[in-house]
Structure formats: structure tokens, C-alpha cells
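Examining the three-dimensional arrangement
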Amino acid sequence: MQKSLLVGIDIGGTKICVCIGDHEGKILASKRLLTQPLKGSKNGLKAIADLIREILLEEKIDLNQIGAIGISSPGPISTKEGKMLKPPNLPGWENAPLVQYFRDAFHKKVVMNNDANAAGVAEFQFGASKGTPNLIYLTCSTGMGGGAIVNGVLLQGISDTAAEVGHYVLDINGPACPCGQKGCFEAYCGGAALAKKMQEEILRDHIKTDILVEANGDINHVDAACLVNAVKKKDKYALKIWDEFIMRLAQGIGVVLMNFNPEVIILGTIAIHAGPLLLEPLKKQLPRFAWKENINACRIEASGIGDRISELSGLALAKST
């Protein structure tokens, strides 16, 4: 008997991705919307539903062929209520009733989770480490989200905040984090925090650096990608920032190693783009922050899913229903 098809939805601060795929992670069709012009969930949920119908029509897929819908959402969320709660980068989406809306619209099973958890499930279902029972995914992107698969099951937590590794405090006297704490892992290693630090220092200290060259001279375009490219050129300031970043990344991952003792840790965006430039020095630093038994038992690698994570996150949740 042929398995049903799945709908995946990934809601982000910049874009929303809607796709239809199968249980093996093959994407049959995918479309995207810009998030901000929708101005909140009232328009946004309807636009997503309309886009699903549009794809079904274009691909000549009957709604009866769809088995489930999976939604990857920014946190914080409530899986019990099926809602996005108060996402900091999505004004107008507070308390959006994601599960109920799409259940009513399509009369299908609907499951949602936060984007880091959904990405972790996608790695477990479709990634290079597919089926690995103890797996940690770190977004290593704008922020530092985490998803933990423990003994083959997603670790959710009583309030849906298990594996919020980005907000482990690495230094109580460290930089302020948008979450309200100081010295969080994300405040050192999240792409947004890293960009802000470089922008402020370059402006304040009049630093001549290839980081700014990579941003075409526009300080507002300085980001982690500019840093990686400048490190490849062996720019002095870039190397200093990179060394600090790697040390804090190793510290944060050391905590993850000691807490979860996983078989694999998969790193997202920044690691994908940097490759060995990140992974090799990271592994050299790890013995400062974790036992060798935990380090030796674990593979640490960049995600092979890459840009497909938007589609596969929602599909993986739908498959897990």
C-alpha cells in the first residue's frame, strides 16, 4: 500500500516555506512567502492555507492523498495548546493557533514544534545521521537553538523548552542576551550577536579589516559570512574574533557533551559555510570543556541537509504523527 503524502510548513521571521513531500524526504513541490508583508497571523495563516491549495492544484494532488501536516515554528510555543506563543521576531503572531487553524482548514492530523526541535527531527529522519538514537542538532545560525533526540525520541520538556542550549549561561558577567540573561551561549555564538559585536567594535575602534571589505564597506551588512571569508584571507582582526568564537563554541558544546553524552552533534548554518575552518579548531578546544570519554564517543559534523532544512523540518514533523 502506497504511503500518503505530507505537507510541511516552516514559519520564519523572513520567509515562510510550504512544501509537499513523501515519507522518505523527497520534495515534490515547494513555494515560499515573505513573512513581513503578511503583517501577522490573521493574514499569514490564510495565506499559508491558500498556498497549500495552490500547490495541490498545480501538482494535481488530491487532498485525500495528504496524510498529515507538520509545522516548524519560532519559539516559544505550546505543543499542548498547538500555539505559537510570543515569538520575539514575529510581531502580530502572538498566540497564533497553528494546529487548530490547519486542522479545521484541511481536516488532517497536524503537529507543530519549535524550529530547532523540528530541524533535529529532520536530521534524525532524513539526514546523514538518520536513525542515530542519541543526536543533538544545534542551529548555529542567527541564534543558537537546539534539538535533542534521546534514545530515538525527541526530548520535549514539560514546558516545551528542553535542549534550549543557546541559553546555557557560560559567563554570568558576559554580554546581555535578548532573553534577559547575561553571558548565554547564544550571546557569544549566535550569528546576530556575533554581527553586532563586530559592527560595534569596527565602528568604535576604527578597525581596518577585510570583514568590512566583504560587506562592501557597509557596516550594516557585516555578518558571520563576512567573518568566515575574512578569516580565510587571514585578516588579523577576523582571526582574533574567530578564535574567541571557537573557544566559546567549544565551551557551549562541551556543556552539551557532558549533559547529553550524544553519539553525534550536528551543526547548522555557520558550520556548513565554514566547514573545516570551524570543525578542526573546535575539536582541538573541546578537551578544555568536556571529558575525553564523551568527546571520543561523539561525532561532530556540519549538517548535510543545508538549505533543504526549511522543507524537511515540517515534513519530518508530519512524518512523526
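Scope of this entry: the structure provided in the associated data block. As a convention, each chain's residues are numbered from 1 in the sequence order in which they are written. In keeping with the model being predicted, local features are shown solely for residues with a pLDDT of at least 70 and side-chain atom pairs are shown and tallied solely at 80 or more, while totals for entire chains, interfaces and linings include all residues. Remark: hydrogens and water are excluded; side-chain values derive from all non-hydrogen atoms of the structure.

**A closer look at the pairing of strand 3 (residues 27–34)**
- In the sheet, strand 2 (residues 15–21) pairs with strand 3 via seven bridges, with the strands oriented antiparallel. By the bridge assignment, Ile20 is partnered in strand 3 with Ala29.
- In sequence, strand 2 turns back onto strand 3 through a hairpin of five residues, with Gly25 there showing a positive phi of about 90°. We call two strands paired when DSSP finds no fewer than two bridges between them. Comment: elements are numbered from the N terminus, with helices defined as DSSP H or I runs of at least four residues and strands as E runs of at least two.

**Describing the packing of helix 5 (residues 191–205) against helix 8 (residues 236–260)**
- Contact pair helix 5 / helix 8: the axes reach a minimum separation of 12 Å and the direction vectors enclose 145°. The way helix 5 lies across helix 8 gives a crossing that is right-handed. Between helix 5, through Leu194, Lys197, Met198, Glu201 and Ile202, and helix 8, the contact on the second element is made entirely by Tyr237, Ile241, Glu244 and Phe245.
- Ten residues, namely Ala, Val, Leu, Ile, Met, Phe, Trp, Tyr, Cys and Pro, are considered nonpolar, four, namely Asp, Glu, Lys and Arg, are considered charged, and the remaining ones, Gly among them, are considered polar. In the contact of helix 5 with helix 8, the residues fall into six nonpolar, no polar and three charged. What counts as an axis is a line fitted to C-alpha atoms, over the stretch in contact for a helix, and the angles between N-to-C directions run from 0 to 180 degrees. The handedness criterion is simple: a crossing whose near helix is rotated anticlockwise from the far helix by less than a right angle is left-handed, and one whose near helix is rotated clockwise is right-handed. Between two residues, a contact is recorded if the distance between any of their heavy atoms is within 4.5 Å.

**Some words on the pairing of strand 1 (residues 5–11)**
- Note on classification: 1.4 Å probe, protein chains only; a residue is buried when its accessible area is under 20% of the maximum for its type, exposed when over 50%, partly exposed between these limits. Counting buried positions over the seven residues of strand 1 gives seven, a clear majority of the element.
- Side chains of strand 1 alternate between two faces, with Leu5, Val7, Ile9 and Ile11 and Leu6, Gly8 and Asp10 buried alike.
- Direction of pairing for strand 1 relative to strand 4 (residues 66–73): parallel, over a ladder of six bridges. If you follow Val7 over to strand 4, its bridge partner there is Ile69.
- As judged from the six bridges shared by strand 1 and strand 2, these two strands associate in the antiparallel manner. If you follow Ile9 over to strand 2, its bridge partner there is Val18.
- A loop of three residues connects strand 1 with strand 2, the two strands running antiparallel in sequence.

**Structural notes on the layout of surface pockets**
- Every definition here rests on a 1 Å grid over the protein atoms only: cavities are sets of points where a 1.4 Å probe fits but cannot get out, pockets are open sets enclosed by protein on both sides within 12 Å along at least five of seven lines, and lining residues have some atom within 4 Å of a point. Grid points are joined across faces, edges and corners, and a volume is the space filled by probe spheres set on the points. Looking at the second largest pocket, its volume works out to about 280 Å³.
- Looking at the second largest pocket, the residues that line it are Ser141, Thr142, Gly191, Ala192, Asp223, Ala224, Ala225, Val228, Asn229, Thr269, Ile270 and His273.
- Of all the secondary structure elements, the ones that give two or more residues to the lining of the second largest pocket are helix 5, helix 7 (224–232) and helix 9 (269–274).
- Among the elements that line the lining of the second largest pocket, the one with the most residues is helix 7, at four residues.
- Considering only residue class, the lining of the second largest pocket consists of five nonpolar, six polar and one charged.

**Concerning the sheet that holds strand 9 (residues 146–150)**
- Taken in spatial order, the five strands of this open sheet run 10-9-8-11-12, and their pairing is mixed. The sheet is open, and its two edges are formed by strand 10 (153–154) and strand 12 (299–302), each paired on a single side.
- Pairing between strand 11 (residues 264–267) and strand 12: four bridges, direction parallel. In the strand pairing of strand 12, Val264 is matched with Arg299.
- Helix-sheet contacts for helix 10 (residues 276–285) involve strand 11 and strand 12, and the interaxial angle to strand 12 is about 155°.

**Some details on the environment of Leu155**
- Locating Leu155 in the fold gives a position in the loop between strand 10 and helix 4 (185–189).
- Ignoring sequence-local partners within four residues, the contact set of Leu155 consists of Ala148, Val150, Ala162 and Phe260.

**Focus on the sheet that holds strand 2**
- Reading across the sheet, the five strands line up as 3-2-1-4-7 and stay open at both edges, with mixed pairing between neighbours. On the outer flanks of this sheet lie strand 3 and strand 7 (109–114), each paired with one strand and no other. Put simply, the sheet's adjacent strands are angled 15° from each other on average, direction ignored.
- Examined bridge by bridge, strand 4 and strand 7 share six bridges and lie parallel to one another. Within the sheet, the bridge partner assigned to Ser72 lies in strand 7 and is Asn113.
- Of the strands in this sheet, strand 1, strand 2, strand 3 and strand 4 touch helix 1 (residues 41–58), which is tilted by about 145° from strand 3.

**Let's talk about the packing of aromatic side chains**
- Planes of paired rings set the category: under 30 degrees apart is stacked, over 60 is edge-to-face and the rest tilted, where pairs are Phe, Tyr or Trp rings (Trp by its six-membered ring) whose centres lie within 6.5 Å. Applying the stated rule across the entire model yields two aromatic pairs.
- Ring plane angle 75° and centroid distance 5.2 Å describe the contact between Tyr101 and Phe102, whose orientation is recorded as edge-to-face.
- You can call Tyr101 partly exposed: its relative accessible area is 28%.
- The class of Phe102 is buried, set by a relative accessible area of 0%.
- Taking 5.1 Å as the distance between ring centres and 35° as the angle between the ring planes, the aromatic pair formed by Trp242 and Phe245 counts as tilted. Residue Trp242 and its partner Phe245 are both found in helix 8; the two are separated by three residues, about one turn of the helix. Taken individually, Trp242 and Phe245 each receive the classification buried, so the pair is uniform in this respect.
- Over the ring of Tyr188 we find Arg248, and its NZ or CZ is 4.1 Å from the ring centre. The rule is short: NZ of Lys or CZ of Arg within 6 Å of the ring centre and within 35 degrees of the ring normal puts a charge over the ring.

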